[in-house]
Amino acid sequence: MTIAVAVPRGLGRIDWRALLRPGTLVPILIILAAVAWALVPGLFAPGSPTESSGAALQAPNAAHLFGTDATGRDLYTRVVHGASQSITGAVVAVLVGLIAGTALGVTAGAVGGAVEEVLMRVVDMLLAIPALLLSLSVVILLGFGTTNAAIAVGVTSIAVFARLARSQVVSVRASEFVEAAYGSGGTFFGVLWRHILPNSLTPVIALAALQLGSAILQISTLGFLGYGAPPPTPEWGLLIAEGRSYVATAWWLTVLPGAVVALVVLATNRLSQAIGREDRS
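Residues numbered from 1 in each chain as written. Predicted model: local features only at pLDDT ≥ 70, side-chain atom pairs only at ≥ 80, totals over all residues. Heavy atoms only, no water.

Chemist: Any chance you could break down empty space enclosed by the protein for me, citing the residues and the numbers?
Modeler: As enumerated under the stated definition, the model contains one cavity of 30 Å³ or more in all. The computed volume of the largest cavity comes to approximately 40 Å³. Around the largest cavity, the lining residues are Ala 93, Val 94, Val 153, Thr 156, Ser 157, Phe 161, Gln 211, Ala 215 and Gln 218. Sorting the residues of the lining of the largest cavity by element identifies helix 3 (75-111), helix 6 (146-173) and helix 9 (202-225) as the ones contributing at least two each. Each residue belonging to the lining of the largest cavity can be placed in one class, and the counts come to five nonpolar, four polar and no charged. (1 Å grid on protein atoms, 1.4 Å probe; cavity = no way out; pocket = protein on both sides within 12 Å on 5 of 7 lines; lining within 4 Å. Points joined across faces, edges and corners; volume = space filled by probe spheres on them. Helix = DSSP H or I, 4+ residues; strand = E, 2+ residues; numbered from the N terminus. Nonpolar A, V, L, I, M, F, W, Y, C, P; charged D, E, K, R; others polar.)

Chemist: Please give an account of the UniProt feature "transmembrane region" (unreviewed entry) in the protein that cites residues and values.
Modeler: Sequence positions flagged by UniProt for "transmembrane region" (unreviewed entry) are, in local numbering, residues 19-40, 87-115, 149-165, 204-229 and 249-267. Secondary structure content for residues 87-115 is 97% helix and 0% strand, while the C-alpha to C-alpha distance between its ends is 35 Å. (UniProt positions renumbered as here; feature names shortened; annotations may be inferred.)

Chemist: Account for the environment of Asn 61, with residues named and values stated.
Modeler: Here Asn 61 shows up in the loop between helix 2 (41-44) and helix 3. Side-chain polar atoms of Asn 61 contact the backbone nitrogen of His 64, separated by 2.7 Å. (Polar contact = N/O pair within 3.5 Å; in protein donor to acceptor, adjacent residues only side chain to side chain.)

Chemist: Any chance you could break down the side chain of Gln 211 for me, citing the residues and the numbers?
Modeler: The topology assignment puts Gln 211 in helix 9. On the basis of relative accessibility, which here comes to 14%, the residue Gln 211 falls in the buried class. Leaving out residues up to four positions away in the same chain, Gln 211 has contacts with Val 94, Ser 157 and Phe 161. (Buried < 20%, exposed > 50% of the residue type's maximum accessible area, 1.4 Å probe, protein only. Contact = heavy atoms within 4.5 Å.)

Chemist: Provide a residue-level description of the packing of aromatic side chains, including the pertinent values.
Modeler: According to the stated counting rule, one finds four aromatic pairs in the structure shown. Aromatic side chains Trp 251 and Trp 252 sit 5.8 Å apart centroid to centroid with 85 degrees between the ring planes, which places their arrangement in the edge-to-face category. Site record: aromatic cluster; members linked through ring pairs are Trp 37, Phe 66 and Tyr 76. (Phe/Tyr/Trp six-rings, centres within 6.5 Å; stacked < 30°, edge-to-face > 60°.)

Chemist: Hey, could you go over helix 7 (residues 176-183) for me, with residue numbers and the actual values?
Modeler: Residues of helix 7 that are buried: Phe 177, Val 178 and Ala 181. In an axial view of helix 7, the angular spread of the buried residues amounts to 105 degrees, which keeps them on one side of the axis. Within helix 7, the exposed residues directed more than 90 degrees away from the buried face are Glu 176, Glu 179 and Gly 183. On the buried face of helix 7, the contacting elements are helix 6 and helix 8 (188-196). Where helix 7 terminates, the next one or two residues include Gly 185, which has phi positive at roughly 100 degrees. (Arc of directions from axis to C-beta.)

Chemist: So, the packing of helix 3 against helix 4 (residues 113-128): which residues are in play, and what are the values?
Modeler: It is at 7 Å that the axes of helix 3 and helix 4 come closest, and there the two elements cross at 150 degrees. Relative to helix 4, the element helix 3 is oriented roughly antiparallel. Crossing of helix 3 against helix 4: the hand is left-handed. Listed contacts from helix 4 to Leu 104, Thr 107, Ala 108 and Val 111 of helix 3 are Gly 113, Val 115, Glu 116, Leu 119 and Met 120. By residue class, the composition of the contact of helix 3 with helix 4 is six nonpolar, two polar and one charged. (Axes fitted to C-alpha atoms, helices over the stretch in contact; angles between N-to-C directions. Parallel < 35°, antiparallel > 145°, perpendicular 65-115°, else oblique. Left-handed = near helix turned anticlockwise from the far one by under 90°.)

Chemist: Explain the pattern of salt bridges to me, and be specific about the residues and the numbers.
Modeler: In the structure shown here, the tally under the stated rule is six salt bridges. A salt bridge links Arg 73 to Asp 69; the nearest nitrogen and oxygen atoms lie 2.8 Å apart. Given the relative accessible area of 11%, Arg 73 is considered buried. The exposure class assigned to Asp 69 is buried, which follows from its relative accessible area of 7%. (Salt bridge = Lys/Arg side-chain N within 4 Å of Asp/Glu carboxyl O.)

Chemist: I'd like a description of unusual backbone geometry, backed by residues and values.
Modeler: In this chain, Pro 231 is followed by Pro 232 through a cis amide linkage whose omega measures 5 degrees. Inspection of the secondary structure assignment puts Pro 232 in the loop between helix 9 and helix 10 (236-243). Not every positive phi belongs to a glycine, and Leu 57 is a case in point at roughly 55 degrees. Position of Leu 57 relative to the elements: it lies in the loop between helix 2 and helix 3. Relative accessible area serves as the criterion here: at 32%, Leu 57 is assigned to the partly exposed category.

Below is the structure:
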């Protein structure tokens, strides 16, 4: 006898078309613009980000939209090219946390028992360490640079992804349609792949969008402290650090790169909230 498995429609699914509303369209456009800067910076700022292009400390004007820095380099060009370091690093950080954390959480939630206890105690230890302290420790061990900073930031988010993935898997695993799938002869891996994972991971995707903004902030923080890309490579945190000595006389050196970082982070947060809302609806 074959038992029909009724999977609730919409559970763990996202209506992506519903995200294209005025309230979410602007954040999406901001994120797409930042990604375009990271992928093809020369298309938006064809000049050199490391060579002087005018007089030093020029205020924003028609020739230099963001002004120039203390050595005459165009700040807009450096911000655009800096997206390659900051956005790419943030994506790497999110992927590290997403893949490792989700694997831990899904394993703990699906297997249960002693395996779950051991894995979740490891997660608790990671959560007990402040994120900035953990990222600094990792980047010091690996060495300076954007890639190592990204890995360090990714390590700090593993525990967050693991706890969310585990809680979602445990919740879905207790559902009637999963029990019916096992009752109809489904194997552990078959039910996990066909029923549990598709209905568990949407909140994890929303968290990934949220963590992208957090990763940009953390990588910028490490760059500001000098643990990211070395000068004269443009990186958003480094640009803000370079302008802090001129706050009183050249405000644009810190305010404009900081505003770009804030806009991108707020956009990713708004998109994450929209994904989470669509998942709950």
